[in-house]
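Now for the letters of each chain:
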Amino acid sequence: MTGVRVAGVGLTEFGETPERTGRDLFGTAADRAFADAGVPRADVESLRYGNFMGELSERQGHQGPLMAEAAGVRAPATRYESACASSSAALRAAVRDVRNGEEEVVLVGGAERMTNLGTAGATEALAIAADELWEVRAGMTFPGAYALMARAYFEEYGGDREDLAAIAVKNHANAVGNDLAQYQREITVADVLDAPPVAEPLGLYDSCPISDGASALVLVSDEYAERTGVDAPVAVTGTGQGGDGMALQDRDYLARTPAADEAAAEAYDDAGVGPGDVDFAEVHDCFTIAEALALESLDLYETGEAIGAARRGETTRDGELPVNLSGGLKAKGHPVGATGVSQVAEVTQLLRGDHVNSDAVADAEVAVAHNAGGTVASCIVHVLEVAA
Amino acid sequence: MSDDPTGARDAGYDDFLDAAEAGEAYYLSCPEGHGSLPPRTVCPDCGDPDLAEEPLPAAGEVETFTVAHVATPAFADDAPYVTAIARFGPVRLTGQLRGVDPDEAEAGLPVELAVEASETTGRRLLAFRPR
């Protein structure tokens, strides 16, 4: 089995560009990835592309071939949909096919156009990732679902809004200097606590923004990198996926995410590392509570302990385990279909040393990326390492 | 009530709402005792096809709740409203908690199931009332 290297990464700015089409966004991200990789487009054997709400925001299905054209790639192309974990699903499929020798060079990515829908329209579009009959028809929204999880967490393990606020404050601070981030400014705990409520106990600053953007990676096999001399110092060494009941009401737990437990355990095992080896993490903080749930599922914290991690300074950039040095979904933005691959792009740059926050993890060798779909009915985790 | 232009009902779900309106709500139970909600061909936990309808317990208990302020267009005039997950024996249901001041909502609150309407669209929805 061959190893898998990240030869190049490409991201658009995340933010509000309602006029930019999905094809425009993805074409830009892919172009940047090819420029970074130095791999000829003609060597690409497939495109694996993630997108969630294209039918609703652009009336566009069958996006695979469209995005291959946008990227200037003549190769078979498939769209993957797994809600907010869509591009991680695309990445996982690509990693497995490169490993088993089916393909040597794969373009992976994702894009989402959202802000053209407006806040209410995007809220409605996001809700299709929940159970239409048993959740959405009662009025459940995504912020509402994570608020239900947050309240259940407080009841079971403790914690409060100030603990959550510290997560938002940390991730905003990390985004300062990240030119691609939607919010490149610091906020205070008071800002978070005083913000208008979205779904109590979550307020506006507990929530990631609605974003447009795209991401891309050029993946190559170890053999390809060696043969062509492509500079690809970071490897994807572990991949894992877990699943759970679609609706929150049907899960065993309201304040834990077993799909992420499964994904993390598989990814660690696949990479031959353990949680103690992890130097930093990018996790799916669509809402502040989600970061705490993710850190517990990744086994970086005991159940019930991660809620206070940011407040205690353990996950800040100068803490023992920096989390979301990109700014996270919270401050960097969350163009749903682009998010998973963008996390891996940021991790790659942090490990290579060419990220604005690389100094915070100068000696790092192992990192994880955690990407969740829906209320974590789907979860995909990847382990990245500096190649020996 | 359906948004489908053909007016098609959602079999299982609309049947459940009809039954709940008649005070005869039910859940599905497999021989292993796993509870689930319709429509189901097999038990979602173990795959057993032998599913029987059992009466839903009248007494439920709120496990978690939120006051939703930002709504989808279908609930624009309902906001703010309380969404809750309540347990009824072996199953949980998601619904709007009504007849309770949001400040007095709490985990553990005893509730019963009701079928009410969205203030925005008039469409039926599951609701909980204090018991």
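Note: the structure precedes this text.
Being a predicted model, the structure only gives us computed values, none of them experimental. (Residues numbered from 1 in each chain as written. Chains lettered and ligands numbered in written order. Predicted model: local features only at pLDDT ≥ 70, side-chain atom pairs only at ≥ 80, totals over all residues. Heavy atoms only, no water.)

Caption draft 1: Structural detail: the overall build of chain A. The helix and strand tally for chain A stands at 13 helices and eleven strands. Counting the 388 residues in chain A, one finds 66% classified as buried. Carbon and sulfur atoms form 44% of the exposed surface of chain A, whose accessible area is close to 12800 Å². (Helix = DSSP H or I, 4+ residues; strand = E, 2+ residues; numbered from the N terminus. Buried < 20%, exposed > 50% of the residue type's maximum accessible area, 1.4 Å probe, protein only. Areas by Shrake-Rupley, 256 points an atom, 1.4 Å probe, with all protein chains shown as cover.)

Caption draft 2: Local environment of the sheet that holds strand β2 (residues 46-50) of chain A. Residues and elements named next belong to chain A. Judged by pairing direction, the sheet is mixed, and its nine strands sit side by side in the order β3-β2-β4-β7-β1-β8-β11-β10-β9 without closing on themselves. Edge positions in the open sheet fall to β3 (77-80) and β9 (280-282), since each of these has one partner strand only. Direction aside, the axes of adjacent strands within the sheet are offset by 25 degrees on average. Looking at chain direction, β2 and strand β4 (residues 105-112) are connected through five bridges and run parallel. In the strand pairing of β4, Leu47 is matched with Leu107. Contacts from helix α3 (residues 63-71) reach β2, β3 and β4 within the one sheet, and its direction differs from that of β3 by about 120 degrees. The sheet contacts of helix α13 (residues 336-352) involve β1 (4-11), β2, β4, β7 (213-221), β8 (234-243), β9, β10 (366-373) and β11 (378-386), and relative to β10 the element is tilted by about 175 degrees. (Pairing = 2+ DSSP bridges. Axes fitted to C-alpha atoms, helices over the stretch in contact; angles between N-to-C directions. Contact = heavy atoms within 4.5 Å.)

Caption draft 3: Local environment of the pattern of salt bridges. Across all of its chains, the model carries 34 salt bridges over all chains by this definition. Arg312 of chain A is paired through a salt bridge with Glu314 of chain A; the nearest N and O atoms lie 2.8 Å apart. Its relative accessible area of 25% is what places Glu314 of chain A among the partly exposed residues. For Arg87 of chain B, the salt bridge is made with Glu63 of chain B, and the minimal N-O distance between the two is 3.0 Å. One end of the pair, Arg87 of chain B, is in strand β5 (residues 81-88); the other, Glu63 of chain B, is in strand β4 (residues 60-68), with 24 residues separating them in the sequence. Relative accessible area serves as the criterion here: at 31%, Arg87 of chain B is assigned to the partly exposed category. Sharing partners across several salt bridges, the network here consists of Arg9, Asp14, Asp15, Asp18, Glu21 and Arg124 of chain B. (Salt bridge = Lys/Arg side-chain N within 4 Å of Asp/Glu carboxyl O.)

Caption draft 4: Looking closely at the layout of surface pockets. Residue and element names in this part refer to chain A. One number sums up the size of the largest pocket: a volume of about 650 Å³. Around the largest pocket, the lining comprises 30 residues; the ones closest to its centre are Thr119, Ser207, Cys208, Pro209 and Ile210. Those elements that place two or more of their residues in the lining of the largest pocket are α5 (118-127) and α6 (142-157). With four residues, α5 is the single largest residue contributor to the lining of the largest pocket. (1 Å grid on protein atoms, 1.4 Å probe; cavity = no way out; pocket = protein on both sides within 12 Å on 5 of 7 lines; lining within 4 Å. Points joined across faces, edges and corners; volume = space filled by probe spheres on them.)

Caption draft 5: Local environment of empty space enclosed by the protein. All names here are of chain A. For the structure on display, the rule yields three cavities of 30 Å³ or more. In this structure, the largest cavity spans a volume of roughly 60 Å³. What lines the largest cavity is Phe14, Glu282, Val283, Asn324, Ser326, Gly328, Leu329, Lys332, Gly333, Thr339, Ser342 and Gln343. Elements supplying a minimum of two residues to the lining of the largest cavity: α12 (328-332) and α13. The class makeup of the residues in the lining of the largest cavity is three nonpolar, seven polar and two charged. (Nonpolar A, V, L, I, M, F, W, Y, C, P; charged D, E, K, R; others polar.)

Caption draft 6: A look at the environment of Tyr224 of chain A. Residues and elements named next belong to chain A. For Tyr224, the position within the fold is in helix α9 (residues 222-228). A relative accessible area of 3% means that Tyr224 is categorised as buried. Considering only alpha carbons, one finds Tyr224 and Gly304, 80 residues apart in sequence, at a separation of 44 Å. Excluding residues that lie within four positions of it along the chain, Tyr224 makes contacts with Val39, Pro40, Asp43, Glu104, Val105, Gly229 and Val230.

Caption draft 7: Up close: the nonpolar core. All names here are of chain A. If you look at the biggest cluster of nonpolar residues, it comprises 69 residues, and the most contacted ones within it are Tyr146, Tyr268, Ile289, Leu298, Leu300 and Val383. Taken together, the elements giving at least two residues each to this core come down to α5, α6, α7 (161-175), α10 (258-271), α11 (288-297), β10 and β11. Per-element accounting of this core gives the leading share, ten residues, to α6. Ignoring anything within four residues of it in the chain, the contact list for Ile289 reads Tyr146, Ala150, Tyr153, Leu164 and Ile307. Within the second largest apolar cluster, 34 residues are counted, among which are Tyr80, Val98, Leu325 and Ala364. (Core = buried A, V, L, I, M, F, W, Y, C linked by side-chain atoms within 4.5 Å.)

Caption draft 8: Broad picture of the side chain of Asn324 of chain A. Residues and elements named next belong to chain A. For Asn324, the position within the fold is in the loop between α11 and α12. Within polar-contact distance, the side chain of Asn324 engages the backbone nitrogen of Val283 at 2.9 Å. Of the polar contacts made by the side chain of Asn324, one reaches the side chain of Glu291; its length is 2.9 Å. In this structure Asn324 touches Lys170, Asn171, Asn174, Ala281, Glu282, Val283, Asp285 and Glu291, once residues within four positions along its chain are discounted. (Polar contact = N/O pair within 3.5 Å; in protein donor to acceptor, adjacent residues only side chain to side chain.)

Caption draft 9: Structural context of the interface of chain B and chain A. Of the residues lining the interface, 32 residues belong to chain B; the matching set on chain A comes to 30 residues. A per-residue breakdown of the area chain B buries against chain A is headed by Tyr13, Val70 and Arg92 of chain B, which together make up 22% of the total. On the surface where chain B and chain A come into contact, there are one salt bridge. Arg137 of chain A is the partner of Asp10 of chain B in a salt bridge, and the nearest nitrogen-oxygen pair spans 2.8 Å. Run the count over chain B and chain A and you get 16 residue pairs in polar contact (both at pLDDT 80 or more). (Buried area = accessible area lost by both parts, 1.4 Å probe.)

Coordinates in, geometry out; function isn't part of it.
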